[in-house]
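Summary of the model geometry
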Amino acid sequence: MAAAEGAARQFLHALGVPTESESMRGTPGRMARAYAELFSPRPFDLTTFPNDEGYDELVLARSIPVRSVCEHHLLPFVGTAHVGYLPADRILGLSKLARVVEHFACRPQVQERLTKQIADWLQAQLAPKGVGVVIEAEHTCMTLRGVQATGSTTVTSSLQGLLRHDPRSRGEFLALTGRAAVS
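What counts and what doesn't
- Residues numbered from 1 in each chain as written.
- Predicted model: local features only at pLDDT ≥ 70, side-chain atom pairs only at ≥ 80, totals over all residues.
- Heavy atoms only, no water.
- Helix = DSSP H or I, 4+ residues; strand = E, 2+ residues; numbered from the N terminus.
- Buried < 20%, exposed > 50% of the residue type's maximum accessible area, 1.4 Å probe, protein only.
- Contact = heavy atoms within 4.5 Å.
- Lys, Arg positive; Asp, Glu negative; His and termini not counted.
- Charge placed at Lys NZ, Arg CZ, Asp CG, Glu CD.
- Core = buried A, V, L, I, M, F, W, Y, C linked by side-chain atoms within 4.5 Å.
- Axes fitted to C-alpha atoms, helices over the stretch in contact; angles between N-to-C directions.
- Parallel < 35°, antiparallel > 145°, perpendicular 65-115°, else oblique.
- Left-handed = near helix turned anticlockwise from the far one by under 90°.
- Salt bridge = Lys/Arg side-chain N within 4 Å of Asp/Glu carboxyl O.
- Pairing = 2+ DSSP bridges.

Time to look at the overall build of the protein. Scanning the protein from N- to C-terminus turns up seven helices and seven strands. The order of α-helices and β-strands along the protein, N terminus first, is α-α-β-β-β-β-α-β-α-β-α-β-α-α. Expressed as a percentage of the 183 residues in the protein, the buried residues total 36%. Sequence-distant contacts, at least 24 apart, represent 65% of the contacts inside the protein between residues at least 6 apart. The centroid of the 19 positive side-chain charges in the protein is displaced by 4 Å from the centroid of its 18 negative side-chain charges.

Written as structure tokens, this is what we have:
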């Protein structure tokens, strides 16, 4: 952390931002700790259970908060993820859907990769009949700088298995996420 704090101080000085005043003196340390927190997911154990009842309908966690940092500008992007799957032999502890989102979001990212990493991980861990992930986020690298497109959001999706190939399952997933099915 000492090296990160020193680098933050040098970075601010290189941009002409003084850090000598009482209110700015601690800023390099706070900046280093903030980025360390943004890049450190909490550990979790994957909890799955046998699907003893043979549940075969969609399991969907909606509006999971997403916060990450754009790998191109190191500025935050925030939004929500909708993550679902069609169970096969195993079902997942519901909190783990949010934990998986957090796990992959806690690093410099692009939204497209984040969406696919979540879907691929669930597919690999559960071997479900289908997986769907939709993320909608506002990128401050686009709203606060550059084009300054205030209020714009980016939507990405990754659909696998039946949620990709079966029109009824795809439509149900997209309807429940608030996204109309695209023909």
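As a further point, take the nonpolar core. With 26 residues, the main nonpolar core has Val83, Leu114, Ile118, Leu122 and Ile135 as its most contacted residues. Per element, the largest residue contribution to this core is six residues, and it comes from helix 4 (residues 111-126). The residues contacting Leu122, other than those within four sequence positions of it, are Val83, Leu92, Leu97, Ala127, Pro128 and Val131. Of all hydrophobic cores here, the second largest spans seven residues; its members include Leu58, Val134, Leu159 and Leu174.

Time to look at the packing of helix 3 (residues 95-105) against helix 4. It is at 9 Å that the axes of helix 3 and helix 4 come closest, and there the two elements cross at 135 degrees. It follows from the interaxial angle that helix 3 and helix 4 lie oblique. Pair helix 3 / helix 4 crosses with right-handed handedness. Residues Leu97, Val100, Val101, Phe104 and Ala105 of helix 3 form the contact with helix 4, whose participating residues are Leu114, Gln117, Ile118, Trp121 and Leu122.

Here we take up the environment of Ala36. Locating Ala36 in the fold gives a position in helix 2 (residues 27-38). Residues Ala36 and Ala4, 32 residues apart in the sequence, show an inter-C-alpha distance of 9.0 Å.

This part covers the pattern of salt bridges. Tallying each qualifying case throughout the model produces four salt bridges. Where Arg42 meets Glu102, a salt bridge forms, and the shortest distance between an N and an O atom there is 2.7 Å. Taken together, the residues Arg42 in the loop between helix 2 and strand 1 (48-50) and Glu102 in helix 3 connect sequence positions 60 residues apart. Residue classification places Glu102 among the buried positions, given a relative accessible area of 19%. Between Asp120 and Lys116 there is a salt bridge, with the nearest N and O atoms lying 2.9 Å from each other. One end of the pair, Asp120, and the other, Lys116, are both in helix 4, four residues apart, so they sit about a helical turn from each other. Taking relative accessible area as the criterion, Lys116 reaches 44% and is therefore assigned partly exposed.

Moving on: the pairing of strand 3 (residues 76-86). Where strand 2 (residues 59-70) lies against strand 3, nine bridges are found, and the strand directions are antiparallel. Its bridge partner being in strand 3, Ser68 is matched across the sheet by Phe77. Here strand 2 hands over to strand 3 after five residues, with Leu74 in that stretch at a positive phi of 55 degrees. Examined bridge by bridge, strand 3 and strand 6 (residues 130-139) share 10 bridges and lie antiparallel to one another. Its bridge partner being in strand 6, His82 is matched across the sheet by Val134.

These results come straight from atomic positions and should not be treated as a statement about function.
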